[in-house]
Amino acid sequence: MPQLGLLHGRAWAVLFGQLRRPPGAVCIRAVHSHSQVAEAALATQLKPHQEKSNFIIKTPKGTRDLSPQQMVVREKILDMVVSCFKRHGAKGLDTPAFELKEMLTEKYGEDSGLIYDLKDQGGELLSLRYDLTVPFARYLAMNKVKKMKRYHVGKVWRRESPTIAQGRYREFCQCDFDIAGQFDPMIPDAECLKIVCEILSGLQLGDFLIKMSWKDVRHEMVAKKGLAAEVADRIGDYVQCHGGVSLVKQMFQDPRLSQNKQALEGLGDLKLLFEYLTLFGIAEKISFDLSLARGLDYYTGVIYEAVLLQTPAHAEEELLNVGSVAAGGRYDGLVGMFDPKGHNVPCVGLSIGVERIFSIVEQRMKTFGEKIRTTETQVFVATPQKNFLQERLKLIAELWDAGIKAELMYKNNPKLLTQLHYCENMGIPLVVIIGEQELKEGVIKLRSVASREEVAITRENLVAEIQKRLSES
């Protein structure tokens, strides 16, 4: 039977579980968990290996830890991305980190070999998710959802050769936005491109361009619109020469195209898309690329990817070639692959390359030596005297209960200078100081770390004064 201290488990049950306590009271029970036994066993197993000279503590290939400084940067990027998704009306969604293997197979073409398979632990063959798109399609089919605008932020895993310097990993975070449902042509597609522009502009990474695959546009025109291949190639000549928004005007001025009924029908969606992009004010950011090819089997329509132009945002920056920083496209047939009756739900979406963007931002911060606050602490509770721990604990509890982010030093008798230095190093803006004199007068000293000015505030007005100062900063 597990024991805690000198008391048997049953004795602790008597002391903690069977004592009378008032209604609504919370009982926190101390328990010796089985995990502690497991940890001890693991330590025993590791010990012989740790004694070997060749034992190296490291993360697996293609993965990494993120320090507190890095987490601050990452969270700011994610907050900006997610706030844009929400601004466009997306709902949050999460799916399991692993799926049934059969759900993922035959969805990624040649890339299927990069899927991580898991050992059979209970009668099901499982694989770690390769992306967030296929699980989303499975969710739609399983729950018979016909319309949904969703975002999803989560980790995915790919068994490829990582290039850490370029933001490529085996385990990485994806940020996806997708619109599922039957809608009028090109409206959801245009909104996805608008979202990419908003996010990349907001992150201030420098100039960028969104490239659309001409190969996929040509395929749609020939296979779905019935356009003659030679007419489609004529359009391709314009794409190669002009790209972007100007190609629409040029093509409609060409008599060989404007007098061809099939060509006009084939160009209809393309014209419509650029009309919407012009209304959104982003048409000049879109260009066609003859070399861009479909990477995953489930794409059925136009695909696109956003690349940073090879000019840094600041002259002091070194160029970092990370490839595309966002990508997406239309996949109208993926949901039907999961539906027993093959019912399709048209979908279009995008994925933001968070890891690659993070690499760029991280390098920029190193270049300019930017200092990062790793905490959001607003107030530090300090004392200049000994034996004031109880008063500091009471005071910090008042601040926490008022929703103020506060810290104190975990020492009975810390030196005041040490406490003030800590505030300066951590970037904490305010310090509240309590001592014998303040206690006697019923006041608290409020100190600005930046200006070092101190004022005496009555205890009952302290929270209001702190909140006022924080709102002004």
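Reading the values: the criteria
- Residues numbered from 1 in each chain as written.
- Predicted model: local features only at pLDDT ≥ 70, side-chain atom pairs only at ≥ 80, totals over all residues.
- Heavy atoms only, no water.
- UniProt positions renumbered as here; feature names shortened; annotations may be inferred.
- Helix = DSSP H or I, 4+ residues; strand = E, 2+ residues; numbered from the N terminus.
- Contact = heavy atoms within 4.5 Å.
- Areas by Shrake-Rupley, 256 points an atom, 1.4 Å probe, with all protein chains shown as cover.
- Pairing = 2+ DSSP bridges.
- Core = buried A, V, L, I, M, F, W, Y, C linked by side-chain atoms within 4.5 Å.
- Buried < 20%, exposed > 50% of the residue type's maximum accessible area, 1.4 Å probe, protein only.
- Axes fitted to C-alpha atoms, helices over the stretch in contact; angles between N-to-C directions.
- Parallel < 35°, antiparallel > 145°, perpendicular 65-115°, else oblique.
- Left-handed = near helix turned anticlockwise from the far one by under 90°.
- Nonpolar A, V, L, I, M, F, W, Y, C, P; charged D, E, K, R; others polar.
- Phe/Tyr/Trp six-rings, centres within 6.5 Å; stacked < 30°, edge-to-face > 60°.
- Lys NZ or Arg CZ within 6 Å of the ring centre and 35° of its normal.
- Expected span 1.5 Å × (residues − 1).

As annotated in an unreviewed UniProt entry, the chain is histidine--tRNA ligase from Phocoena sinus. What UniProt states about the chain under its Catalytic activity (unreviewed entry) heading is, verbatim, "tRNA(His) + L-histidine + ATP = L-histidyl-tRNA(His) + AMP + diphosphate + H(+)".

Q: Would you mind showing me how to read the overall build of the chain here?
A: Secondary structure assignment for the chain yields 16 helices and 18 strands. For the chain, the proportion of contacts with a sequence separation of at least 24, taken over those separated by at least 6, is 68%. If you sum the accessible surface of the chain, you get close to 26600 Å²; carbon and sulfur atoms cover 53% of it.

Q: Sorry if this is basic, but what is going on with the sheet that holds strand E4 (residues 98-100) here?
A: Strands belonging to one sheet form pairs held by backbone hydrogen bonds; the direction of such a pair is parallel or antiparallel. Across the sheet, which stays open at both edges, the three strands sit in the order E4-E6-E5 with antiparallel pairing between neighbours. Two strands close off the open sheet at either side, each with one partner strand: E4 and strand E5 (117-118). Both E4 and strand E6 (residues 126-128) contribute to a ladder of three bridges, which runs antiparallel. Directly across from Glu-99, in E6, lies its bridge partner Ser-127.

Q: Would you explain the pairing of strand E18 (residues 454-458) in this entry?
A: Relative to E18, strand E17 (residues 443-448) runs antiparallel, the two being bridged by five bridges. Residue pairing for E18: Ile-444 is matched across the bridge by Ile-457.

Q: Looking at this model, I keep getting lost on the nonpolar core. Mind explaining?
A: Note that soluble globular proteins tend to have their nonpolar side chains buried in a common cluster. Grouped together as the largest cluster of nonpolar side chains are 61 residues, with contacts concentrated most on Ile-77, Phe-85, Ile-210, Leu-277, Leu-350, Ile-352 and Ile-357. Of all the elements, helix H6 (residues 187-202) adds the most residues to this core, at eight residues. Beyond its immediate chain neighbours, meaning those up to four positions away, Ile-352 contacts Val-81, Phe-85, Cys-175, Ile-199, Val-325, Ala-326 and Ile-357. Of all hydrophobic cores here, the second largest spans 22 residues; its members include Tyr-108, Tyr-130, Val-335 and Phe-338.

Q: How should the packing of helix H3 (residues 68-87) against helix H12 (residues 354-368) be read in this particular structure?
A: Any two packed helices are characterised by how steeply their axes cross, that is the angle between the axes, and by the distance between the axes. With their axes 10 Å apart at the nearest point, H3 and H12 run at an angle of 125° to one another. When the axes of H3 and H12 are compared, the pair comes out oblique. Of the two possible hands of crossing, H3 and H12 adopt the one that is right-handed. Of the residues in H12, those touching H3 at Gln-70, Val-73, Arg-74, Ile-77 and Leu-78 are Val-354, Glu-355, Ile-357, Phe-358, Val-361, Glu-362 and Met-365. Looking at the contact of H3 with H12 residue by residue, the classes come out as eight nonpolar, one polar and three charged.

Q: Where do I start with the sheet that holds strand E15 (residues 406-408) in this structure?
A: Taken in spatial order, the five strands make up an open sheet running E15-E14-E16-E17-E18, and their pairing is mixed. Edge positions in the sheet fall to E15 and E18, since each has one partner strand and no second. Taken over all neighbouring pairs, the strand axes of this sheet differ in orientation by 30° on average, direction set aside. Of the pairings in the sheet, the one linking strand E14 (residues 379-382) to E15 comprises three bridges and is parallel in character. Across the sheet, residue Phe-380 finds its bridge partner in E15, namely Glu-407.

Q: Sorry if this is basic, but what is going on with unusual backbone geometry here?
A: Of note, the phi angle at Lys-144 is positive, near 55°, even though the residue is not glycine. On the secondary structure map, Lys-144 appears in the loop between helix H5 (133-142) and strand E7 (148-157). Lys-144 sits in the exposed class, given a relative accessible area of 67%. In the Ramachandran plot, Asn-387 falls in the positive-phi region, its phi being about 60° despite a non-glycine side chain. With respect to the helices and strands, the residue Asn-387 is situated in the loop between E14 and helix H13 (389-401).

Q: What should I look at first to understand the environment of Tyr-299 in this one?
A: Assignment of secondary structure puts Tyr-299 in the loop between strand E10 (286-289) and strand E11 (303-308). On the accessibility criterion, Tyr-299 (16% relative accessible area) is buried. In the structure, Tyr-299 is positioned 31 residues away from Arg-330 in sequence and 5.8 Å away in space, judged by C-alpha atoms.

Q: Please clarify how the packing of aromatic side chains should be interpreted in this entry.
A: Aromatic rings considered in pairs are described by the distance between their centres and by the relative angle of their planes. Summed over all chains, the structure comprises four aromatic pairs. With 6.2 Å between their ring centres and 35° between their planes, Phe-85 and Tyr-151 make a pair best called tilted. Taken together, the residues span a long stretch of sequence, with Phe-85 in helix H3 and Tyr-151 in strand E7 at a distance of 66 residues. With respect to class, Phe-85 is no different from Tyr-151; both count as buried. With centroids separated by 5.5 Å and ring planes inclined at 35°, the aromatic side chains of Phe-85 and Phe-177 adopt a geometry described as tilted. In this pair, Phe-85 is assigned in helix H3 and Phe-177 in strand E8 (residues 171-180), connecting sequence segments 92 residues apart. Chaining the aromatic ring pairs together yields one cluster made of Phe-85, Tyr-151 and Phe-177. Here Arg-150 stacks its cationic end above the ring of Phe-136, 4.1 Å away from the centre of that ring. Positioned over the ring face of Phe-208 is Lys-285, at 4.4 Å from the centre of the ring.

Q: Would you explain H6 in this entry?
A: Note that an α-helix has 3.6 residues per turn; residues three or four places apart therefore point the same way. An ideal rise of 1.5 Å per residue puts 22 Å on 16 residues; H6 measures up with 22 Å between its terminal C-alpha atoms. All of the buried residues in H6 are Pro-188, Asp-189, Ala-190, Glu-191, Cys-192, Leu-193, Ile-195, Val-196, Cys-197, Ile-199 and Leu-200.

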